[in-house]
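Each chain, letter by letter, is given below.
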Amino acid sequence: MWLAAQRMNTALAGGTLRRGEFRIPQLATLDLTGAGVREVVPRGKHLLIRLDDGRTLRTHFRMDGSWHIYRPGARWRGGPAFSVRAVLATDQWECVGYRLHDMALVATDHEDSLVGHLGPDVLGPDWDAEEAVRRLRSSPDEQIGVALLDQRNLAGIGNLYKVESLFLCGVHPWARVADVADLPGLVERARMLMLANRDHPEQSTTGDTRRGQDHWVAGRRGRPCRRCGTTILLGDQGPDLQERVTWWCPRCQAARSPIDPEARTGEPDHPKPLVTAS
Ligand SMILES: [Zn+2]
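So, here is what we can say about the structure in this document. From a predicted model like this one, the values you see are computed outputs, not experimental measurements.

**A few points about the packing of helix H5 (residues 159–168) against helix H6 (residues 183–197)**
Argument step 1. Remark: H5 packs on H6, axes separated minimally by 9 Å, with the N-to-C direction vectors making an angle of 125°. For the element pair H5 / H6, the angle class is oblique. Handedness of the crossing formed by H5 with H6: right-handed. On H6, the residues that touch Tyr161, Glu164, Ser165, Leu166 and Leu168 of H5 are Leu186, Arg189, Ala190, Leu193, Met194 and Asn197.
Argument step 2. Considered class by class, the residues forming the contact of H5 with H6 number seven nonpolar, two polar and two charged.

Dropping the structure here:
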């Protein structure tokens, strides 16, 4: 998300939209042609496109969205035409939004109505570790794997950085927040992993970008732990309909809590690829 925002900002900031159209019912009549783009900034997992006329367009990737940037005339390759939700083009660039979610246009002064609920932004200029930890601790009985993804606690952590930071800190994903020995250390670890990866599309947490070598536990169900050799487990974690696949090493991340998941057996490792900004 952070990288996508930088690229969108490079393409659009200071430019005038020659094309600004939307292909969702709620915004179908909106035409931003002629609008100037002030800047494109990330806020957690939200992308904010601020216009010169005092309006902000918000888009969100959720699990499958992306913005693709092309030179005018180049073939669009992000998916079938029906998956295009928005086209923002200047004389120099065409930005095509595929499978975007939560699209909304508000006055820039009222961005808080869209993102005001978010906790401190992990990659934001106003990052506040103490506030993030304070918010996490306000729900001591929550599972840490759920709490880290709750954007009201801290904004920007995705499932990959959740599972990898929990592994590196030896914390069981189903442990209660109150039982995490070093919560500030866990938050800092997640932030360091994200900082190390924000400037490139590869998301390696091991320091090795080769396919299959790039993660400690993510995508590795049934394979031996890189540290101890124990078989990596996979389970679904989170509230109904919002479950996220969670990998962990039952030895390196020994359970310290009575809440314990049932690991999946005999199913495919991962239903969808981990999404990267493109
Ligand atoms: Zn292990």
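**Considerations on the packing of helix H3 (residues 129–137) against H6**
Argument step 1. In contact at an axis separation of 10 Å, H3 and H6 are set at 120° when each is read in the N-to-C sense. Here H3 is positioned oblique relative to H6, judged by the angle of their axes. The handedness of the crossing between H3 and H6 is right-handed. Across the interface between the two elements, Val133, Leu136 and Arg137 of H3 pack against Leu183, Pro184 and Val187 of H6.

**Brief notes about the side chain of aspartate 121**
Argument step 1. Here aspartate 121 is to be found in the loop between helix H2 (112–115) and H3.
Argument step 2. When near neighbours in sequence (up to four residues on either side) are disregarded, aspartate 121 contacts Pro42, Arg43, Gly44, Asp126, Trp127 and Ala155.

**Some words on the coordination of the zinc ion**
Argument step 1. On the protein side, the zinc ion has Cys225 (SG), Cys228 (SG), Cys249 (SG) and Cys252 (SG) as donor atoms, found 2.2 to 2.3 Å from it.
Argument step 2. Around the zinc ion, the four donor atoms sit at angles spanning 100 to 114°, and that spread fits a shape best called tetrahedral.
Argument step 3. Ordering the donors of the zinc ion by residue number gives the pattern C-x2-C-x20-C-x2-C.

Definitions and cut-offs
- Residues numbered from 1 in each chain as written.
- Predicted model: local features only at pLDDT ≥ 70, side-chain atom pairs only at ≥ 80, totals over all residues.
- Heavy atoms only, no water.
- Axes fitted to C-alpha atoms, helices over the stretch in contact; angles between N-to-C directions.
- Helix = DSSP H or I, 4+ residues; strand = E, 2+ residues; numbered from the N terminus.
- Parallel < 35°, antiparallel > 145°, perpendicular 65-115°, else oblique.
- Left-handed = near helix turned anticlockwise from the far one by under 90°.
- Contact = heavy atoms within 4.5 Å.
- Nonpolar A, V, L, I, M, F, W, Y, C, P; charged D, E, K, R; others polar.
- Donors = N, O, S within 2.8 Å, 3.2 Å for Na, K, Ca; no water.
- Tetrahedral: all angles 85-135°; square planar, octahedral: opposite > 155°, others 65-115°.

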